[in-house]
Amino acid sequence: MTTETLTESPRSQRFESHVAFDNIPLGESTEYNPISFTLNHRHAGFQFRRRHRTFMVGVDDNSYSDHALQWLLDELVDDGDEIVCVRVIETQVRLTDKQYQEDAKALMENIQAKNTQNKAIGLVLEYAVGKLHNTFQHLIKIYQPSMLIVGTKGRSLDGVQGFLVNRSSFSKYCLQYSPVPVVVVRPNEKREKKKAKRAHDPSRQSYAQMLLGQPHEADSENSSVYELEPNLTADEEAHRVAVAVGLPAAYDPTIKPIDPSSLLKNHPRRSMLDVSKEAIAIVKKGGVPAEKKSSPDREDSDSDSEGEFEVTPGEEALRERLHKMELNEGAALRAEARKLSSGSADSDEDPPGGGAKT
């Protein structure tokens, strides 16, 4: 018979008692045996499943504790889960008095009665004796629950009053020191009252209303900080990839080849043949090709401009370079002319017979 069938049948409303342990007469706890009286009851349709979960909840005589247990049974647990209910008695118990066993059995019956949805679950009651905080830490270590559920009175005090009241709050202690996730359950009347108070508060605004009249940081001058995907052209993106990978210039579309004709289109250049003919004609007339001479005014201006940086445009630098080439060519022609003139002078001094000198 499946779990669902047993859950729906009237017979499955009864819980079955399993092995119980009583370590209170021993008077001392061990690593896996606290000082407690343990009751173990299981629903008739209870079956262990692969997704079996264990929940731990604290129970006592307070109404908010009963509310936390009822919320756990109605909202969180499912068939096949197990609930460990912990009741801690901080006063000493007489070993000859077995009244604690009767109290534990009555508490177990009360817990079973709260299973109004008739879920096929397992119930474990730890009726322990000792300090509250240490006992819970010890039992958490033993059972390793998936979650700890505790109730609260619903107080939310601030300042010194809240510090003095919350200092002894067990729910606050669980939130700070529990090694497992904690759910703090507030009473419904407290929660509804707080919710209605917030709804009727005229100064309360929603998150969307708070952002409506406030400028966002992404709209400020520093919006580039929030620009996760900058708008780049295809060439700029290819350029960044080429630089990052180290590709040759041929793969970078932003690097264009130099066109010499575009650089010299505004500078009329004479051919080297014309320059050579002009230089030879000047040499034959006994002159010297024109060189760049410095005038006194220019020397004064040069001395005044010392220490300043000069920025030369590309076209002007190209003209100066061409001019230097012409000067170098003129110097070579002059040297050739001198050599020819000295050779002709030597031929005039030779004897008429053309004999060789001795």
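Here, the structure is the one placed above.
Here the structure is a predicted model, which is why all the values come from computation and not from measurement.

Chemist: Help me understand the packing of helix H4 (residues 132–143) against helix H6 (residues 170–177), please; the structure alone is not making it clear to me.
Modeler: Helix-helix packing: each pair is described by the crossing angle between the helix axes and the interaxial distance. Taken N-terminus to C-terminus, the directions of H4 and H6 make an angle of 45°; their axes are 11 Å apart at the nearest point. Accordingly, the angle class assigned to the pair H4 and H6 is oblique. Like other packed secondary-structure pairs, H4 and H6 cross with a definite hand, here right-handed. Side by side, H4 and H6 meet where Leu132, His133, Phe136 and Gln137 of the first sit next to Phe170, Tyr173 and Tyr177 of the second. Classifying every residue of the contact of H4 with H6 by side-chain character gives 5 nonpolar, 2 polar and no charged.

Chemist: Is there a simple way to explain the pairing of strand S7 (residues 147–151) in this structure?
Modeler: In the case of a regular strand, side chains alternate between the two sheet surfaces. Counting buried positions along S7 yields 4 of 5 residues, so the element is predominantly enclosed. Strand direction decides the pairing type here: S7 and strand S8 (residues 182–185), joined by 4 bridges, are parallel. Within the sheet, the bridge partner assigned to isoleucine 149 lies in S8 and is valine 183.

Chemist: Got a minute to help me understand a nonpolar patch on the surface in this structure?
Modeler: Taken together, Val241, Val245, Leu247 and Tyr251 make up a surface patch of nonpolar side chains, about 400 Å² in accessible area. Note that tyrosine 251 resides in the loop between helix H9 (234–245) and helix H10 (260–263).

Rules and cut-offs
- Residues numbered from 1 in each chain as written.
- Predicted model: local features only at pLDDT ≥ 70, side-chain atom pairs only at ≥ 80, totals over all residues.
- Heavy atoms only, no water.
- Axes fitted to C-alpha atoms, helices over the stretch in contact; angles between N-to-C directions.
- Helix = DSSP H or I, 4+ residues; strand = E, 2+ residues; numbered from the N terminus.
- Parallel < 35°, antiparallel > 145°, perpendicular 65-115°, else oblique.
- Left-handed = near helix turned anticlockwise from the far one by under 90°.
- Contact = heavy atoms within 4.5 Å.
- Nonpolar A, V, L, I, M, F, W, Y, C, P; charged D, E, K, R; others polar.
- Buried < 20%, exposed > 50% of the residue type's maximum accessible area, 1.4 Å probe, protein only.
- Pairing = 2+ DSSP bridges.
- Patch = residues over 30% accessible without salt bridge, like charges linked within 9 Å, V, L, I, M, F, W, Y side chains within 5 Å.
- Areas by Shrake-Rupley, 256 points an atom, 1.4 Å probe, with all protein chains shown as cover.
- Salt bridge = Lys/Arg side-chain N within 4 Å of Asp/Glu carboxyl O.

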